[in-house]
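One-letter residues, chain by chain:
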Amino acid sequence: MQGSQGSNEHETVGAYALGILDDAEATAFEAHLATCEWCAQQLDELAGMEPMLAALADLPGTGTPAIAESLAAKPSPRLVERLVDDVGERRALKRRRSFYMIAAAAALIIAGPLAVIAANGGDSSGSSGTVASPAKTTFDTLSDKVTATDASTKVTATVAMSKKDWGTLGVVELKNVKGPLKCSLIAVGKNGERETMSSWSVPAWGYGIANATKTEAKNPLYAQGGAAFTPNEIDHFEVMTFDGKKLVAVDA
């Protein structure tokens, strides 16, 4: 990317927002981003889209009306129409890169000791040597936060949000949730409409378990997404399992 200028660099903003650039490409684009107001604006508009676009790209019928029929709470077309047709191809490239990284790691393990930087599925525990995830970083920078704990499930969710030109950027911090589960963060509008902001999996050991013996289980989960609603149009948020169980609801 360093060898090309102009439009090619601008076109990289979508891949950067999806998190599919390798380290060298990401570093090169960040240097360009520091001096390009247009790319900075585009990146702000695309923030939080990667989890939802990735889920949509893996569904059958991507880019067709079948997408709408695949989700109980439908993401707004305004959020995905520009990228969802392209994300499948980009994720295939990312999977190929991941294969080469795994092969290299296996060679290092055979050759000798391997130093590992723990990321707990991409989330930060705040401990030394742990890499903070983009969702955790965004969560920490947002001041508008709402929290609730469900009396039955004991799951605690804190949703941080920010108004954007396209709607609402949201990051959920989830604690005291045990797996295995597949969950979604859903924004429920004051008009009764529902929009899925993000989806994720919870491993068997869970997230944010205070007395857990496994280090990864002590760390909260952070998931980032977006909704077409503006913040003042949202009544509340719900964390739901894929089989329809409500883990916790948080008033907006």
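Since we're looking at a predicted model, the values are computed, not measured. (Residues numbered from 1 in each chain as written. Predicted model: local features only at pLDDT ≥ 70, side-chain atom pairs only at ≥ 80, totals over all residues. Heavy atoms only, no water.)

J.: Hey, could you run me through the side chain of lysine 164 in this one?
T.: The topology assignment puts lysine 164 in strand β2 (residues 156-164). On the basis of relative accessible area, lysine 164 is assigned to the buried category, the value being 14%. (Helix = DSSP H or I, 4+ residues; strand = E, 2+ residues; numbered from the N terminus. Buried < 20%, exposed > 50% of the residue type's maximum accessible area, 1.4 Å probe, protein only.)

J.: How do you make sense of helix α2 (residues 23-33) when you look at a structure like this?
T.: Owing to its 3.6 residues per turn, the α-helix brings residues three or four apart onto one side. Within the sequence span of α2, burial applies to Ala26, Ala28, Phe29, His32 and Leu33. Buried positions in α2, seen along its axis, are confined to an arc of 165 degrees and lie on one side of it. Set apart from the buried face of α2 by more than 90 degrees, the exposed residues are Asp23, Ala24, Thr27 and Ala31. (Arc of directions from axis to C-beta.)

J.: Help me understand the sheet that holds strand β8 (residues 246-251), please; the structure alone is not making it clear to me.
T.: Sheets are built from strands that pair by backbone hydrogen bonding, the pairs being arranged parallel or antiparallel. Taking strand neighbours across the sheet as the criterion, the 4 strands line up as β5-β4-β7-β8 in an open arrangement whose pairing is antiparallel. Looking at strand neighbours, the two that pair on one side only are β5 (194-202) and β8, the edges of this open sheet. Put simply, the sheet's adjacent strands are angled 15 degrees from each other on average, direction ignored. Direction of pairing for strand β7 (residues 234-241) relative to β8: antiparallel, over a ladder of 5 bridges. Within β8, the residue paired with histidine 236 across the bridge is aspartate 251. (Pairing = 2+ DSSP bridges. Axes fitted to C-alpha atoms, helices over the stretch in contact; angles between N-to-C directions.)

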